[in-house]
Amino acid sequence: MKHLELLTARLGRSVQESVHYSRYNAPMIGVLGVITFPLYHYVWWLIIPQPYENLWLRMIGVVICVPLIFAAQWPKAMQRYFATYWILFLLYTLPFFFTYMLLRNDLSLIWSMSTMAALFFLVLAVYDWLLVILLTLAGSLLGWAGLLLTTDVQDINTLTTLYFQQLPIYAFVVIGGSIFNYNAQLVKEEKLNAHAAVGRNIAHELRTPLLGMKAATSGLVHYLPQLVDGHKAAMDAGLPVKPIRGTRLDKLRHAAERIDEEIDYSNTIIDMLLLSAGQTTIKQDSFSWHSINDTIERALDRFPFKSDRERHLVHWERGDDFAYYGSDLLVTHVLFNLIKNALHSVLSAGKGTIRIGTGRSRRYNRLIVMDTGPGIDQARIRQIFDYFYSSKTLDQGAGLGLSFCKLVMESLQGKIHCESRLNEYTLFEMSFPREQ
């Protein structure tokens, strides 16, 4: 039972990964299917006639491909079914259709080559070798079932023998293509490990001085308020001490506590940076309920603006408040990434402002970060949450910032998406589950 659960979990991850990387190309895949299904019917029926053609099967393929063209416009209620639809689409259009047509054409050279091409496309679309094999087996069995149900095969033994003679070639396509995909996955993991190793070294170098500062401030936190009170008493007694303004004294009274808090916060940020560089899951054992307005306020107070001009570019009016279950430090780090990218876009364009807003709805609570800078073209929007994707105006550096934002929102059972229009605006919307 445990092995079955592990296998099911792995296949689920494989499906999600296939959907994640393929849905960006879904419209073009849909267009390709809508064009090629009827086109090749014309080719194999009139130009290079084959023993068997089936327009109805091809029209079913066209119907299945049409929703892919409009995948980005699917209603939110339908998005949850996209993974199931994607697997059924692959199953019908590749292994089933080509196996059935291969068998009906007595394993001709043209359809043997077409089947190899179909399996190659399946490998590219699915990534995981186990899921490729399962889809290939299921599609092939359905192709054989379709053959036996729709026609009276005169010489089934000969057909079976020919099919098994070609199986090693098809197996080579599946295995060879899967190996190349596996190598690409290894390269990706090595890049993550390299970033994590560099991050650990940097973290070690930063934690050492922070630890020294932490030890030094422990005494200040305890004794500095007493020293401030002593200076004030000396001033009141007329003793010859250098005068200090009252506002300065008030700041000194809490300065050590503030330094201590910033040291703790810096250590937390280091932990989060290491997490973003080297992991794909977030522990939820420290999650609790937080106010979104309090989180935004603390994020703006702590964000390292380089000038008053930068601070004045960011506008936030305390609006609809809501509670979310998670880590306020993680959400703060998400805001840091979005504000940093928005500032870069606005400053590089020499125009625009940044607005932060919140809202409530029946299903989700929303946090929005919007800038009126240069915007992002649609082709790049499809990739901005991928690991290691970066651009000149977005997710500066190693391309880990926005992928980490997505990881954080998914750990909160929420989601993040981006809308943009060139030369007008860029909007990031984070959806949080409604509190019960």
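Up top you'll find the structure we're talking about.
Worth saying up front: this structure is predicted, and the values here are computed from it rather than measured.

**What to know about the packing of aromatic side chains**
The way to describe two aromatic rings as a pair is by their centre distance and the angle between their planes.
Then, in step 1: Under the criterion given, the structure shown has 23 aromatic pairs.
Then, in step 2: Seen from their ring centres, Phe82 and Trp86 are 6.4 Å apart, and the 10° between their planes marks the pair as stacked. Of the two residues, Phe82 and Trp86 both sit in helix 5 (residues 82-104), four residues apart, roughly one turn of that helix. Neither residue differs from the other here; Phe82 and Trp86 are each classed as buried.
Then, in step 3: Each member of the aromatic cluster is reached from another via a ring pair, and the members are Trp74, Phe82, Tyr85, Trp86 and Phe89.
Then, in step 4: Above the plane of the ring of Tyr52 lies Arg104, whose end atom (NZ or CZ) is 3.8 Å from the centre.

**Details of the packing of helix 2 (residues 26-47) against helix 5**
Then, in step 1: Relative orientation of the contacting elements helix 2 and helix 5 amounts to 35°, with a least axis distance of 13 Å. Relative to helix 5, helix 2 is oriented so that their crossing is left-handed. For the pair helix 2 and helix 5, the contacting residues are Ala26, Ile29 and Phe37 in the first and Phe82, Trp86, Phe89, Thr93 and Phe97 in the second.

**Overview of the pattern of salt bridges**
Then, in step 1: The tally for this structure, following the rule as stated, stands at six salt bridges.
Then, in step 2: Put simply, Asp294 and Arg318 hold a salt bridge, and the shortest N to O gap is 3.9 Å. Of the two residues, Asp294 is situated in helix 10 (residues 292-302) and Arg318 in the loop between strand 2 (314-316) and strand 3 (323-326); the sequence distance between them amounts to 24 residues.
Then, in step 3: Residue class for Asp294 comes out partly exposed when judged on its relative accessible area of 33%.
Then, in step 4: With relative accessibility at 46%, the residue Arg318 sits in the partly exposed group.
Then, in step 5: Two residues, Asp328 and Arg298, come together in a salt bridge whose shortest N-O distance is 3.1 Å. Highlighted residues: Asp328 in helix 12 (residues 328-349) and Arg298 in helix 10, separated in sequence by 30 residues.
Then, in step 6: Judged by relative accessible area, which is 17%, Asp328 ranks as buried.
Then, in step 7: One salt-bridge network, in which partners are shared between bridges, spans Asp294, Glu297 and Arg318.

**A closer look at a nonpolar patch on the surface**
Then, in step 1: Residues Tyr42, Trp45, Leu46, Ile47 and Ile48 make up a contiguous nonpolar surface patch of roughly 550 Å² in combined accessible area.
Then, in step 2: Locating Ile48 in the fold gives a position in the loop between helix 2 and helix 3 (55-69).

**Details of the nonpolar core**
Then, in step 1: By size, the foremost hydrophobic cluster in this structure holds 50 residues, and its most contacted members are Phe82, Trp86 and Leu90.
Then, in step 2: Among the secondary structure elements, those contributing two or more residues to this core are helix 1 (2-22), helix 2, helix 3, helix 5, helix 6 (109-126), helix 7 (129-150) and helix 8 (156-236).
Then, in step 3: The leading source of residues in this core is helix 5, at 17 residues.
Then, in step 4: Sequence-distant contacts of Leu90, that is, excluding residues within four places in its chain, are made with Pro95, Leu122, Ala125 and Val126.

**A short note on unusual backbone geometry**
Then, in step 1: Backbone geometry places Asp106, a non-glycine residue, at a positive phi of 55°.
Then, in step 2: Counting through the fold element by element, Asp106 comes out in the loop between helix 5 and helix 6.
Then, in step 3: Looking at Asp106, the relative accessible area reads 53%, which means it is exposed.
Then, in step 4: Of note, Leu107 is a non-glycine position whose phi angle comes to about 55°, a positive value.
Then, in step 5: Mapped onto the elements, Leu107 comes out in the loop between helix 5 and helix 6.

**Some details on the side chain of Arg104**
Then, in step 1: Tracing the backbone through its elements, the reader meets Arg104 in helix 5.
Then, in step 2: No salt bridge is formed by the buried Arg104; its nearest oppositely charged neighbour, Asp106, is found at 7.4 Å.
Then, in step 3: A distance of 2.7 Å separates the side chain of Arg104 from the side chain of Tyr100, its partner in a polar contact.
Then, in step 4: Here Arg104 is in contact with Tyr52, Leu147, Thr150 and Thr151, once residues within four sequence places are set aside.

**Quick word on the packing of helix 5 against helix 7**
Then, in step 1: Put simply, helix 5 and helix 7 touch, their axes get as near as 8 Å, and they point 50° apart. By the angle between their directions, the pair helix 5 and helix 7 is classed as oblique. Considering the relative orientation of helix 5 and helix 7, their crossing is right-handed. Side by side, helix 5 and helix 7 meet where Ile87, Leu91, Pro95, Phe96, Thr99, Tyr100, Leu103 and Arg104 of the first sit next to Leu131, Leu135, Thr136, Ala138, Gly139, Ser140, Leu142, Gly143, Trp144, Gly146, Leu147 and Thr150 of the second.

Reading the values: rules and limits
Residues numbered from 1 in each chain as written. Predicted model: local features only at pLDDT ≥ 70, side-chain atom pairs only at ≥ 80, totals over all residues. Heavy atoms only, no water. Phe/Tyr/Trp six-rings, centres within 6.5 Å; stacked < 30°, edge-to-face > 60°. Helix = DSSP H or I, 4+ residues; strand = E, 2+ residues; numbered from the N terminus. Buried < 20%, exposed > 50% of the residue type's maximum accessible area, 1.4 Å probe, protein only. Lys NZ or Arg CZ within 6 Å of the ring centre and 35° of its normal. Axes fitted to C-alpha atoms, helices over the stretch in contact; angles between N-to-C directions. Left-handed = near helix turned anticlockwise from the far one by under 90°. Contact = heavy atoms within 4.5 Å. Salt bridge = Lys/Arg side-chain N within 4 Å of Asp/Glu carboxyl O. Patch = residues over 30% accessible without salt bridge, like charges linked within 9 Å, V, L, I, M, F, W, Y side chains within 5 Å. Areas by Shrake-Rupley, 256 points an atom, 1.4 Å probe, with all protein chains shown as cover. Core = buried A, V, L, I, M, F, W, Y, C linked by side-chain atoms within 4.5 Å. Lys, Arg positive; Asp, Glu negative; His and termini not counted. Polar contact = N/O pair within 3.5 Å; in protein donor to acceptor, adjacent residues only side chain to side chain. Parallel < 35°, antiparallel > 145°, perpendicular 65-115°, else oblique.

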